[in-house]
Amino acid sequence: MPADESPISLGAESLPMLHDLGEVLELGILTLDRELTVRGWNRWLAAASGAEPSEVVGRPLLELFEGLRGGPAEEALRRAVSGSTTVWSHRFHRYFLPLPAPPGHEGFAAMQQIARVTPLMRGGAVDGVLVLIQDVTERVAREEELHEALRRAEVASQAKSDFLASMSHELRTPLSAIVGYMDLLEGEMVGSVAPLQKTYLGRVKSAAHHLISIIEEILTFSRVEAGKEPLHTEVVEVTALARDVEELFEPQALRKGLTLSVAVPDGPVAVRTDPTKLRQILINLLGNAMKFTDAGRVCLEMEATDRVVFRIRDTGPGINAADLGRIFDPFTQLDQSLKRTKGGTGLGLPVSRRLAHLLGGDLRVESTAGQGTTFTLWVPRTSGQSSPAGDARRTDAEPAGQP
Amino acid sequence: MTTDRIDHDALTELFNIGLHRAAASLSELTGQRIVVDLPRLWICPIEETHQRLLELLNGDLATVHQIFKGSVTGDAVLVLEYQSAARLADLMTDGGVAAGGRLDQSAREVLTEVGNVILSSCLSAFGDMLHVTVTFSVPRIHVESLEGLLRSLQVDNEDLHFALLAATRFRLTEGEVGGYLLIAVGMTSLALITDALAAREES
């Protein structure tokens, strides 16, 4: 704090310097005598108002700005004449002088201002009034954007918390019963089971176990976001993993009359990665493709070079260009009517992308409405040797690169 | 000069007059009914203020300072804990500023204006009682520690300084926030206030 914060004491000879200073500091500086006649009107005010000092100086302010008469601005000026200082924040008043908003701020008809109205002293007595005006239009616009972003983030965070609390319970309870009854049937504790039935029971049980693991993955979503999800890497033969995933979806493809195909390289492809996470990504992507495709085909293609690339193509409804940008946003389902008819949590794709980042790779989407969708996942041949936690924290603004 | 001579009730009444004016101005400013209560008032040598405030306040503070000059001279400060300040700005603007509990620039501007209204109203009440004109500096907002606040107080060059410390409670439509008004004055100013209060009671 400066050593002295007395009301401003200035001789008349100092006023031109004060007005120049205001221009340098991008401040409007208006000085008035005790009768509120304009004494000084700096260049900044001239530029903002379009009125030159020669048109303004010597005229009563309340004639120049009729709208101030009888309002809080006149009150503040009169208070300054009696020795008080008034602070003028844009939140309560918007502006002190009605000046047009600077170009590029279409949301504001008038310039957003903060102001200080303070007595000018001479010889211990109030000699006039000093008004300092600052244009905060741009800052206000920026703050409003930030507030909106924060509000959206809070809504999303709340949605996530609510989702985690309710869905984990809702999903776990029936699945535990399903797995329990599967064990009873498979163990022939309630009667004999034919070999084919046993095979099918095994698949049902496998799918049920996978569902449980998905729930666990959902619960770890926030850990992945925070970069706290550990990697458990091992050497994995990924063509076999792709075939396993295909098997999971064969019954669904049969039921829906879809062609499900998997194209993998002829020989084995060894990758050091986290198989649970890679499997979960592929299941999420194939599950989505199967869910949203009502006719045609779903393909899983795999390429192995210095990295392994998986492409999951479908002949489903496709995605509008406008929606592609938010398809990886958590808790988002592009078409709310699909949520009712197709189910799903809206977490599958965001979780998949974050897991891909965790594995050191990335997940992208290409789609045209009415022409199907292709998701491209790539993972390095060796995951976890660079900084997977860093990748997990990577934002969408820092793409991992194209396959 | 000791603080024993001061008519505590008369001083409380004077503060109440100032806070009532402030509440009326703030209500008009914000478009909601605002009441400012004064639950407690202390008068003590400034050296004792540190310990007292230490018991009352936690963490960083948001303060609005306004120096006043005239027959009485000193430093008036609205003191709020940081979170209380953010809450007050939020309540005053109906959620328009201080998103996420942060004192952004707009929130600081709002608090500076609120502080200006409260401090000016209270000091004007003193000025009216003393029949003198008091002039005010441009108020400034700071986020500072308690030690920083006490270091930054500006009082005239007398040896003995006193603090009039008033606990205040802002009651708004959607909630309440507590804070403190601290008026630091020198011995001469305090003597003038004491005499004026005594004369006021006698008349």
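J.: What should I look at first to understand the overall build of chain A in this one?
T.: Helix and strand counts for chain A stand at 15 helices and 13 strands. Put simply, chain A has 403 residues, and 31% of those count as buried. Taking as baseline every contact in chain A between residues at least 6 positions apart, the subset at least 24 positions apart corresponds to 61%.

J.: Looking at this structure, how should I read the overall build of chain B?
T.: Counting secondary structure elements, chain B contains six helices and seven strands. When the helices and strands of chain B are read in sequence order from the N terminus, they spell out α-β-α-β-β-α-α-β-β-α-β-β-α. Buried positions account for 47% of the 203 residues belonging to chain B. Partitioning the intrachain contacts of chain B with sequence separation of at least 6 by distance along the chain shows that 69% fall at a separation of at least 24.

J.: What is the right way to read the interface of chain A and chain B from this model?
T.: By a widely used convention, the size of an interface equals the accessible area lost when the partners come together. At the junction of the two partners, chain A supplies 25 residues and chain B supplies 29 residues. When residues of the side of chain A that touches chain B are traced back to their parent elements, those giving at least two are β4 (86-88), α6 (90-93), β5 (113-122) and α7 (137-186) of chain A. The residue inventory of the side of chain A that touches chain B, partitioned by class, reads 10 nonpolar, 10 polar and five charged.

J.: Is there a simple way to explain the confidence of the model for chain B in this structure?
T.: Any segment with low pLDDT has predicted coordinates that should not be analysed in fine detail. Residues and elements named next belong to chain B. Mean pLDDT over chain B stands at 88; residues scoring 70 or higher make up 96%. Mean pLDDT across the secondary structure elements of chain B bottoms out at strand β4 (residues 135-136), with 83, and peaks at strand β3 (residues 74-81), with 94. Scored as a complex, the prediction yields pTM 0.61 and ipTM 0.85.

J.: When you look at the nonpolar core in this model, what are you seeing that I'm missing?
T.: Nonpolar side chains tend toward joint burial in soluble globular proteins. Formed by 65 residues in total, the largest nonpolar core has its most connected members in Leu88(B), Ala89(B), Leu111(B), Cys122(B), Phe126(B) and Leu182(B). Elements with a minimum of two residues in this core: α1 (8-30), β2 (61-69), β3, α3 (82-92), α4 (105-130), β6 (161-172), β7 (175-186) and α6 (187-202) of chain B. If one sorts the elements of this core by residue count, α4(B) sits on top with 12 residues. Excluding residues that lie within four positions of it along the chain, Phe126(B) makes contacts with Leu14(B), Val72(B), Val134(B) and Ile193(B). Within the second largest apolar cluster, 34 residues are counted, among which are Phe221(A), Leu347(A), Leu355(A) and Leu358(A).

J.: Just checking my understanding: could you explain unusual backbone geometry for this structure?
T.: What is expected of a backbone is that most residues other than glycine have negative phi and most peptide bonds are trans. One non-glycine residue, Arg94(A), lies in positive phi territory at about 70°. Mapping Arg94(A) onto the fold places it in the loop between α6 and β5.

J.: I would appreciate a short explanation of the environment of Val309(A) in the present structure.
T.: If you trace the backbone, Val309(A) turns up in strand β11 (residues 307-314). For the pair Val309(A) and Thr376(A), spaced 67 residues apart in sequence, the C-alpha to C-alpha distance is 6.9 Å.

J.: Quick question: what am I supposed to make of the sheet that holds strand β10 (residues 297-304) of chain A here?
T.: Note: strands within a sheet are paired through backbone hydrogen bonds, in either parallel or antiparallel orientation. Residues and elements named next belong to chain A. Spatially, β8-β10-β11-β13-β12 is the arrangement adopted by the five strands of the open sheet, whose pairing is mixed. In this open sheet, the two edge strands, each paired with only one partner strand, are β8 (259-263) and β12 (362-367). Averaged over all neighbouring strand pairs, the angle between strand axes comes to 10°, with direction disregarded. Packed on one face of the sheet, helix α11 (residues 275-292) meets β10, β11 and β13 (373-380) and runs near 20° to β11. Running over the sheet, helix α14 (residues 348-358) touches β12 and β13 and is turned about 135° from β12.

J.: Looking at this structure, how should I read the packing of helix α10 (residues 238-256) of chain A against α11(A)?
T.: Residue and element names in this part refer to chain A. Here α10 crosses α11 at 30°, and the two axes come no closer than 10 Å. As far as their axial angle goes, α11 and α10 are roughly parallel. In this structure, α10 meets α11 at a crossing whose hand is right-handed. Contacts between α10 and α11 involve Leu 241, Ala 242, Val 245, Leu 248, Phe 249, Gln 252 and Ala 253 from the former and Pro 275, Leu 278, Arg 279, Leu 282, Ile 283, Leu 286 and Met 290 from the latter. Taken together, the residues of the contact of α10 with α11 break down into 12 nonpolar, one polar and one charged.

J.: Looking at this structure, how should I read α11(A)?
T.: At 3.6 residues per turn, the α-helix brings residues three or four places apart onto the same side. The end-to-end C-alpha distance of α11(A) is 26 Å, a good match for the 26 Å that 18 residues give at a rise of 1.5 Å each. When you tally the buried positions in α11(A), you get 13 out of 18 residues, the bulk of the element.

J.: Is there a simple way to explain the packing of α3(B) against α4(B) in this structure?
T.: Helices that pack against each other are described as a pair by the angle of their axes relative to one another and the distance between those axes. Residues and elements named next belong to chain B. Running from N to C, α3 and α4 cross one another at 85°; their axes reach a closest spacing of 9 Å. It follows that α3 is roughly perpendicular to α4 by the angle criterion. Two secondary-structure elements touch here, α3 through Ala 85, Ala 86, Leu 88, Ala 89 and Met 92 and α4 through Ala 107, Val 110, Leu 111 and Val 114. Taken together, the residues of the contact of α3 with α4 break down into nine nonpolar, no polar and no charged.

J.: I would appreciate a short explanation of the environment of Glu81(B) in the present structure.
T.: Residue and element names in this part refer to chain B. Its place among the elements puts Glu 81 in strand β3. Note: C-alpha distance between Glu 81 and Asp 60 (21 residues apart in sequence) is 6.2 Å. For Glu 81, the contacting residues outside a window of four places in its chain are Leu 57, Asn 58, Gly 59 and Leu 61.

J.: Explain the pairing of β3(B) to me, please; I cannot follow it from the model alone.
T.: Along a regular strand, successive side chains alternate from one face of the sheet to the other. Residue and element names in this part refer to chain B. When you tally the buried positions in β3, you get seven out of eight residues, the bulk of the element. In terms of strand pairing, β2 meets β3 through eight bridges, oriented antiparallel. Considered in β3, the bridge of Phe 68 is made with Gly 74. Here β2 folds back onto β3, and the loop between the two strands holds four residues, one of which, Gly 70, carries a positive phi near 150°. Here β3 pairs with β7 via six bridges, running antiparallel.

Cut-offs applied
- Residues numbered from 1 in each chain as written.
- Chains lettered and ligands numbered in written order.
- Predicted model: local features only at pLDDT ≥ 70, side-chain atom pairs only at ≥ 80, totals over all residues.
- Helix = DSSP H or I, 4+ residues; strand = E, 2+ residues; numbered from the N terminus.
- Buried ≥ 20, exposed ≤ 12 C-beta atoms within 10 Å, placed from the backbone.
- Contact = placed C-beta atoms within 7 Å.
- Nonpolar A, V, L, I, M, F, W, Y, C, P; charged D, E, K, R; others polar.
- pLDDT = per-residue confidence, 0-100.
- Core = buried A, V, L, I, M, F, W, Y, C linked by C-beta atoms within 7 Å.
- Pairing = 2+ DSSP bridges.
- Axes fitted to C-alpha atoms, helices over the stretch in contact; angles between N-to-C directions.
- Parallel < 35°, antiparallel > 145°, perpendicular 65-115°, else oblique.
- Left-handed = near helix turned anticlockwise from the far one by under 90°.
- Expected span 1.5 Å × (residues − 1).

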